[in-house]
Amino acid sequence: MGGDHQSVKPSSMPTSQPTSLPSQLPSVSKSPSQFPSAKPSVNPSLMPSLRPSVCQNDSNWRVGGSSRYKAMTCEDIESDPVKWCTFLENPINAVFNDKRVSDACCECGGGEHHSITPTSVPSSGPT
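Fair warning: this is a prediction, and the values are worked out from it, not measured in the lab. (Residues numbered from 1 in each chain as written. Predicted model: local features only at pLDDT ≥ 70, side-chain atom pairs only at ≥ 80, totals over all residues. Heavy atoms only, no water.)

S.K.: Looking at this structure, how should I read the packing of aromatic side chains?
M.R.: The relative placement of two aromatic rings is captured by the distance of their centres and the angle of their planes. Counting across every chain of the model gives three aromatic pairs. With centroids separated by 5.1 Å and ring planes inclined at 75 degrees, the aromatic side chains of Y69 and F87 adopt a geometry described as edge-to-face. Residue Y69 is located in the loop between β1 (53-56) and α1 (74-77), and its partner F87 is located in helix α2 (residues 81-89); the two are separated by 18 residues in the primary sequence. On the accessibility criterion, F87 (40% relative accessible area) is partly exposed. Taking the centre distance of 5.9 Å and the plane angle of 80 degrees together, the rings of W84 and F87 count as edge-to-face. Placement of both W84 and F87 in helix α2 is noted, with a separation of three residues, approximately one turn of the helix. Pairwise contacts between aromatic rings join Y69, W84 and F87 into one cluster. (Phe/Tyr/Trp six-rings, centres within 6.5 Å; stacked < 30°, edge-to-face > 60°. Helix = DSSP H or I, 4+ residues; strand = E, 2+ residues; numbered from the N terminus. Buried < 20%, exposed > 50% of the residue type's maximum accessible area, 1.4 Å probe, protein only.)

The values reported here are purely geometric and, on their own, carry no functional implication.
Here it is, written out as structure tokens:
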């Protein structure tokens, strides 16, 4: 009487491969993982960031090269980021100062993120 069987008791040793069915119980860990995941989460976090930030476009960046799009800025791209971010990402002549649109413009996933600190005193009126 041999064969595969399933245990009802949890094992103290991890398996070499993930199980095919999700667990019925939530994870017991309340702290974040020590290592970042390979891909961003598909669901937004329900908790506010502990370090809120604001994105700032690289004000010195322009579309490079000699095409008719030369000298477009991040502000120009904001008119239709879905179109421009994709269109300008691949052409070699769109690189300027060693940056692509995805490095320089917030709307395309780039830019510089600066931490902001909320004030301890509320404003006198709605903002």
